[in-house]
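Structural characterization, general
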Amino acid sequence: MTEELLDSDCEDTIRLSVSEAQALGEGALRNLGLPSDEAAIVATHLVDASMWGYEFAGLPRILVIAERPELRRPRTPISIVRETPVSALLDGGNHLGYVAVARGVDVAIEKARKTGVAVIGVRNCWFTGRGAYYLEILARAGLAAIYTASSTPTVVPLGASRKALGTNPLAIGVPGKVNPFIFDMGTSLVMTGEVMMKAFLGEAFPEVVGINRDGLPTRVASELVDGGVFPFGGHKGYGLSLAIQALGLLAGARMRNGDVSDFAHLFIAFDPELLMPAEQFTSELEELLTGIKALPKQPGVSEIRIPSERGFREREIRRTQGIVVKKPVVERLRQMA
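Scope of this entry: the structure provided in the associated data block. (Residues numbered from 1 in each chain as written. Predicted model: local features only at pLDDT ≥ 70, side-chain atom pairs only at ≥ 80, totals over all residues. Heavy atoms only, no water.)

Some thoughts on unusual backbone geometry
Positive phi values are uncommon outside glycine, yet Phe-127 reaches one of about 60 degrees. Here Phe-127 is to be found in the loop between β4 (117–126) and α5 (131–140). Judged by relative accessible area, which is 10%, Phe-127 ranks as buried. Non-glycine residue Asn-168 carries a positive phi angle of around 45 degrees. Mapped onto the secondary structure, Asn-168 falls in the loop between β5 (144–150) and β6 (170–174). (Helix = DSSP H or I, 4+ residues; strand = E, 2+ residues; numbered from the N terminus. Buried < 20%, exposed > 50% of the residue type's maximum accessible area, 1.4 Å probe, protein only.)

Take a look at the structure:
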């Protein structure tokens, strides 16, 4: 019996195999001036995002990268500018965050394996993709980790009429029996990548999610680019976003362009063995998650899901089914490649 398609085909989409999507992404990125090794790192991250079901964080992101002014500025080698046995601050050298933050993850694993804990900051880079991607690497290396990322203004503080905060994600990951447990969320009502993709396609959100350049409520994506989006959850989301922006200062946000609201990334990673045997932790985690999934369900609910469970499941299915991308995006990327 043929497995039902996760993503339906329609006139304005094109289905790509994973290898086709990888090749298309790498070709377009090389055309933008990225070395082959960096193009492969970025494309792998983007294709993985699509396989998890996050279309806006996949290949369409290349179209946004192509318009960024940083792409035309000089890049310097990624380097460690401050270091102790348990910490490091990396300068990303104006590289894409997909590359610079991946290097930060490597340093975190190296230090945590030696000392049990690592505090890593990464500055002077831009666009990093999904925090869950990095936390999966850390968790599969046997580490528990917390990740925060500040970014350039996109989000409007509660009560303000102008954007001042980033989408500022928070992610937590720990090792599991089979797959890690990963929770990854943005503190904005909608994510920048989704806004940019809809703006490129001339689309709007179903409801008001932010303001236009005049401070008036809007759901039109192109107007949100010049205006800003709201934080999720009212004052709670706003407070969390501001706290993450503050943590970004510790990771060197101001060192890129002098603005305290800018890109910076902070990892705190540690070996669970510092607190208990790793096998005991993963067994207790499995007991916790299994117990939650076995709880009585409300009427109409077929499954109680665990964060990241859907993504792991769908990624395996899309390895066979491929990914679906909007036709204008594919056509533009083919022109670029």
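Next comes the rest of the description.
A few points about the nonpolar core
Judged by nonpolar contacts, the single largest core of 62 residues is most densely connected at Leu-16, Leu-59, Ile-62, Ile-120, Leu-138 and Leu-333. In terms of residue count, the dominant contributor to this core is helix α4 (residues 97–115) (10 residues). With residues near it in sequence (within four places) discarded, Leu-138 still touches Val-105, Ala-108, Ile-109, Leu-143, Ala-145, Phe-267 and Ala-269. (Core = buried A, V, L, I, M, F, W, Y, C linked by side-chain atoms within 4.5 Å. Contact = heavy atoms within 4.5 Å.)

Concerning the environment of Val-101
Structurally, the position occupied by Val-101 is in helix α4. On the accessibility criterion, Val-101 (0% relative accessible area) is buried. Here the alpha-carbon distance between Val-101 and Thr-154, two residues 53 residues apart in the chain, equals 21 Å.

A short note on the sheet that holds strand β7 (residues 181–185)
Here we have seven strands laid out as an open sheet, ordered β2-β3-β4-β11-β5-β6-β7, and mixed in their pairing. Edge positions in the open sheet fall to β2 (79–84) and β7, since each of these has one partner strand only. For this sheet, the mean inter-axis angle between neighbouring strands, taken without regard to orientation, is 15 degrees. The pairing of β4 with strand β11 (residues 264–270) spans seven bridges and is antiparallel. Bridged to Ala-118 within β11 is Ala-269. (Pairing = 2+ DSSP bridges. Axes fitted to C-alpha atoms, helices over the stretch in contact; angles between N-to-C directions.)

A word on helix α1 (residues 18–31)
Along its 14 residues, α1 runs 20 Å from first to last C-alpha, staying within 8% of the 20 Å computed at 1.5 Å per residue. Considering only its buried residues, α1 is in contact with β1 (13–16), α2 (36–51), α3 (61–65), β12 (323–326) and α11 (327–336). Gly-33 lies just past α1 and shows a positive phi near 105 degrees. (Expected span 1.5 Å × (residues − 1).)

Side note on the pattern of salt bridges
Proximity of charged atoms lets side chains of opposite charge pair with each other. All chains considered together, the criterion is met by 23 salt bridges. One connected set of salt bridges, linked through shared partners, spans Asp-48, Arg-130, Glu-136, Arg-140 and Arg-315. (Salt bridge = Lys/Arg side-chain N within 4 Å of Asp/Glu carboxyl O.)

Examining the packing of α2 against helix α10 (residues 309–321)
At a minimum axis separation of 8 Å, α2 and α10 run at an interaxial angle of 105 degrees. As far as their axial angle goes, α10 and α2 are roughly perpendicular. Between α2, through Asp-48, Ser-50 and Met-51, and α10, the contact on the second element is made entirely by Glu-314, Arg-315, Arg-318 and Arg-319. (Parallel < 35°, antiparallel > 145°, perpendicular 65-115°, else oblique.)

Focus on the sheet that holds strand β10 (residues 228–229)
Strand order in this open sheet of three strands is β9-β8-β10, and the pairing throughout is antiparallel. Every other strand in the sheet has two partners, leaving β9 (217–218) and β10 as the edge strands with one partner each. Examined bridge by bridge, strand β8 (residues 210–211) and β9 share two bridges and lie antiparallel to one another. Opposite Gly-210, over in β9, you have Thr-218 as the bridge partner.

Notes on the environment of Ser-161
Structurally, Ser-161 can be placed in the loop between β5 and β6. Exposure remark for Ser-161: the relative accessible area of 53% places this residue in the exposed category. For the pair formed by Ser-161 and Gln-245, sequence separation is 84 residues and the distance between their alpha carbons is 19 Å. When sequence neighbours within four positions are dropped, the list of residues in contact with Ser-161 reads Val-156, Ile-211 and Gly-215.

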